[in-house]
Amino acid sequence: MELRAATPADIPAIQAIYAHHVLHGLASFEIEPPSVAEMRSRFESITGGGYPYLVAADGEHLLGYAYASTYRTRPGYRYTVEDSVYVSPALVGRGIGRQLLDRLIDECERRGYRQMLAVIGDSANAASIELHRACGFADGGTLRSVGLKFGRWVDSVLMQRGLGESDRSVPAAWPPSAGGR
């Protein structure tokens, strides 16, 4: 298995993995799977913002993907990212998500981010919760019944992990410039 930066050529396979999770799971609160064109637009927005977007591949087969993105757009949040990790449904439980998340954490630390948040759909999503816990995330709380999918209310679980110096120091770029990050 190879971990590498995602490319536009990976988007159809990324869309197929995500579509399965949208249609059959609670990790995403989307109801209809986004099109390949929409996923390409999202990819361009994420990578255009300088965030890492990774894939796990075995030859030409995409096994999973992970990316970091803006947690919130206000400048005070610019050192915090939110992670997303999705694995091909037939391959869940084989350590692919762990390798992707470990690499994503490394990439975000190299870019100078200080906090990573996971917003996990469904408090019963033990696999994702345990994956994040194994990668050093701490429980941040549960937002009860904030989503409605498949005819039932769904929780969101918040988890957080410090990156690099975390909150032990203020980034050298402080105070922020007018353009900010």
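Heads up: the structure comes first, above all this text.
What counts, and at which threshold
Residues numbered from 1 in each chain as written. Predicted model: local features only at pLDDT ≥ 70, side-chain atom pairs only at ≥ 80, totals over all residues. Heavy atoms only, no water. Helix = DSSP H or I, 4+ residues; strand = E, 2+ residues; numbered from the N terminus. Rg over C-alpha atoms; globule rule 2.2 N^0.38 Å. Buried < 20%, exposed > 50% of the residue type's maximum accessible area, 1.4 Å probe, protein only. Contact = heavy atoms within 4.5 Å. Lys, Arg positive; Asp, Glu negative; His and termini not counted. Charge placed at Lys NZ, Arg CZ, Asp CG, Glu CD. Salt bridge = Lys/Arg side-chain N within 4 Å of Asp/Glu carboxyl O. Pairing = 2+ DSSP bridges. Axes fitted to C-alpha atoms, helices over the stretch in contact; angles between N-to-C directions. Right-handed = clockwise from strand over helix to strand, strands pointing away. Core = buried A, V, L, I, M, F, W, Y, C linked by side-chain atoms within 4.5 Å.

**Q** Describe the overall build of the protein chain, and please don't skip the residues or the numbers.
**A** Per the secondary structure count, the protein chain includes four helices and seven strands. Listing each helix as α and each strand as β along the protein chain from the N terminus yields β-α-α-β-β-β-α-β-α-β-β. Expected size for 181 residues packed as a compact globule is a radius of gyration near 16 Å; at 16 Å, the protein chain falls within 12% of this value. In the protein chain, buried positions account for 43% of the 181 residues. Expressed as a percentage of contacts within the protein chain between residues at least 6 apart in sequence, the contacts between residues at least 24 apart total 64%. Of the charged side chains in the protein chain, 19 are positive and 20 negative; the average position of the first set lies 4 Å away from that of the second.

**Q** Describe in detail the pattern of salt bridges, supporting the description with residues and values.
**A** Applying the stated criterion across every chain yields a total of 12 salt bridges. Between Asp122 and Arg152 there is a salt bridge, and its shortest N-O distance comes to 3.9 Å. Of this pair, Asp122 sits in the loop between β5 (115-121) and α4 (126-134) while Arg152 sits in strand β7 (residues 152-162), and the two are 30 residues apart along the sequence. Here Asp122 falls in the buried class, since its relative accessible area comes to 12%.

**Q** Describe in detail the environment of Tyr53, supporting the description with residues and values.
**A** Residue position: Tyr53 is located in strand β2 (residues 53-58). Judged by relative accessible area, Tyr53 falls into the buried class, the value being 5%. Separated by 47 residues in sequence, Tyr53 and Leu100 place their C-alpha atoms 9.9 Å apart. What Tyr53 contacts, discounting residues up to four positions off in sequence, is Arg4, Ala5, Ala6, Ile14, Phe43, Ile46, Thr47, Tyr65, Ala66 and Tyr67.

**Q** With reference to specific residues and values, describe the sheet that holds β2.
**A** Strand order across the open sheet formed by seven strands is β1-β2-β3-β4-β5-β7-β6, with mixed pairing between neighbours. Because the sheet does not close on itself, it has two edges, and the strands there are β1 (2-5) and β6 (138-149). Sheet twist, expressed as the mean angle between neighbouring strand axes with direction ignored, is 25 degrees. Judged from the seven bridges that link them, strand β3 (residues 61-70) and strand β4 (residues 80-87) form a sheet pairing that is antiparallel.

**Q** Before we move on, can you summarise the pairing of β5 with the specific residues and values?
**A** Burial within β5 is extensive, with six of its seven residues counted as buried. Here β4 pairs with β5 via three bridges, running parallel. Across the sheet, Thr80 pairs through a bridge with Gln115, a residue of β5. Since β4 and β5 lie parallel, the crossover through helix α3 (residues 96-110) that links them has a hand, and here it is right-handed. Sheet analysis places β5 next to β7, joined by seven bridges and oriented antiparallel. Within the sheet, the bridge partner assigned to Met116 lies in β7 and is Arg161.

**Q** Explain the nonpolar core residue by residue, including any values.
**A** Ranked by size, the top nonpolar core spans 43 residues in total, and within it Ile14, Tyr65, Leu101 and Met116 carry the most contacts. Apart from residues no more than four positions distant in its own chain, Met116 is found in contact with Val81, Asp83, Leu101, Leu104, Ile105, Cys108, Phe137, Met159, Gln160, Arg161 and Leu163.

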